[in-house]
Amino acid sequence: MTAPMTPAGPGGPPQRPPARARPEVDAKQIWSGGVATAVVAGLIALVGVLACRWLLDIPVLAPRQDGAYGDASTTALVLVAVVAALAATALEHLLLLTTPRPFSFFGWILALVTALAILLLFQTGAPLKPKVATAVLYLVIAIAIGSLVSSVGRRATRSQTYPEEAWPDR
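Everything in this summary refers to the structure shown in the same document.

### So, helix H1 (residues 27–55)
The end-to-end C-alpha distance of H1 is 40 Å, a good match for the 42 Å that 29 residues give at a rise of 1.5 Å each. Turning to H1, its buried residues number three or more, namely Ile30, Gly33, Gly34, Thr37, Ala38, Ala41, Gly42, Ala45, Gly48, Val49, Cys52 and Arg53. Positive backbone phi, approximately 60°, marks Asp57, located one or two places after H1.

### Focus on helix H3 (residues 102–121)
An ideal rise of 1.5 Å per residue puts 28 Å on 20 residues; H3 measures up with 29 Å between its terminal C-alpha atoms. For H3, the full list of buried residues reads Pro102, Phe103, Phe106, Leu110, Thr114, Ile118 and Leu121. An end-on view of H3 places all buried positions within 130° of arc, on one side of the element. For H3, the exposed residues set more than 90 degrees away from the buried face come down to Trp108, Leu112, Leu119 and Leu120. Each element contacted by the buried residues of H3 is listed here: helix H2 (72–98) and helix H4 (128–156).

### Things to note about the nonpolar core
Core analysis: the largest hydrophobic core is formed by 20 residues, its most contacted members being Ala41, Ala45, Val60, Phe106, Ile141 and Ile145. When residues of this core are traced back to their parent elements, those giving at least two are H1, H2, H3 and H4. With six residues, the single largest contributor to this core is H2. Those residues within four positions of Ile141 in sequence are excluded, and the remaining contacts are Ala41, Ile44, Ala45 and Ala81. Counting five residues, the second largest nonpolar core, distinct from the first, contains Val25, Leu96, Phe103 and Ala156.

### As for unusual backbone geometry
Most peptide bonds take the trans configuration, and most residues that are not glycine carry a negative phi. We note that Asp57 has phi near 60°; this positive angle belongs to a residue other than glycine. Looking at the secondary structure, you find Asp57 in the loop between H1 and H2. For Asp57, a relative accessible area of 45% puts it in the partly exposed group. One non-glycine residue, Leu61, adopts positive backbone phi at about 65°.

### Description of the packing of H2 against H3
Direction vectors running N to C along H2 and H3 enclose 150°, while the axes themselves pass 9 Å from each other. In terms of orientation, H2 lies roughly antiparallel with respect to H3. Note on packing geometry: the crossing formed by H2 with H3 is right-handed. Across from Ala88, Leu91, Glu92, Leu95 and Leu96 in H2, the residues of H3 making contact are Pro102, Phe103, Phe105, Phe106 and Ile109. Split into classes, the residues belonging to the contact of H2 with H3 amount to nine nonpolar, no polar and one charged.

Analysis parameters
- Residues numbered from 1 in each chain as written.
- Predicted model: local features only at pLDDT ≥ 70, side-chain atom pairs only at ≥ 80, totals over all residues.
- Heavy atoms only, no water.
- Helix = DSSP H or I, 4+ residues; strand = E, 2+ residues; numbered from the N terminus.
- Expected span 1.5 Å × (residues − 1).
- Buried < 20%, exposed > 50% of the residue type's maximum accessible area, 1.4 Å probe, protein only.
- Arc of directions from axis to C-beta.
- Contact = heavy atoms within 4.5 Å.
- Core = buried A, V, L, I, M, F, W, Y, C linked by side-chain atoms within 4.5 Å.
- Axes fitted to C-alpha atoms, helices over the stretch in contact; angles between N-to-C directions.
- Parallel < 35°, antiparallel > 145°, perpendicular 65-115°, else oblique.
- Left-handed = near helix turned anticlockwise from the far one by under 90°.
- Nonpolar A, V, L, I, M, F, W, Y, C, P; charged D, E, K, R; others polar.

The structure is reproduced here in structure tokens:
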């Protein structure tokens, strides 16, 4: 592919455009940020369940008589949040390496997966109030994962410029 020539000014010789940038991804930063995001997502799930069950008296994920923690469903939600954060990190890393406008695709994929999880939640036989509380919790977890993983990805991506001699000759 050849680069277009740009004029230098009135009557001046044409100049080459500025050096092109190619993104370089720091995998160590992405994955350390992804692990930290997984911890945050798991804690949001735990705190969200405790807040719903204990403070708001909404029996999410288990019957009311199971106490503030609930049952194994709470542990499962915490683990799913952790796995979701790590999967989002893997997805973003892949998109950064292979896709134009990776953050746009990442946002759309995350939003659609979250919508699917919430839609599936409303297919259960649970009462409406716990469904809504759980849907809000899913949404908060997804927002945290999306914002943290995206910010880590932006921080871990650097532009590497090609030197002038790498441009094709006229």
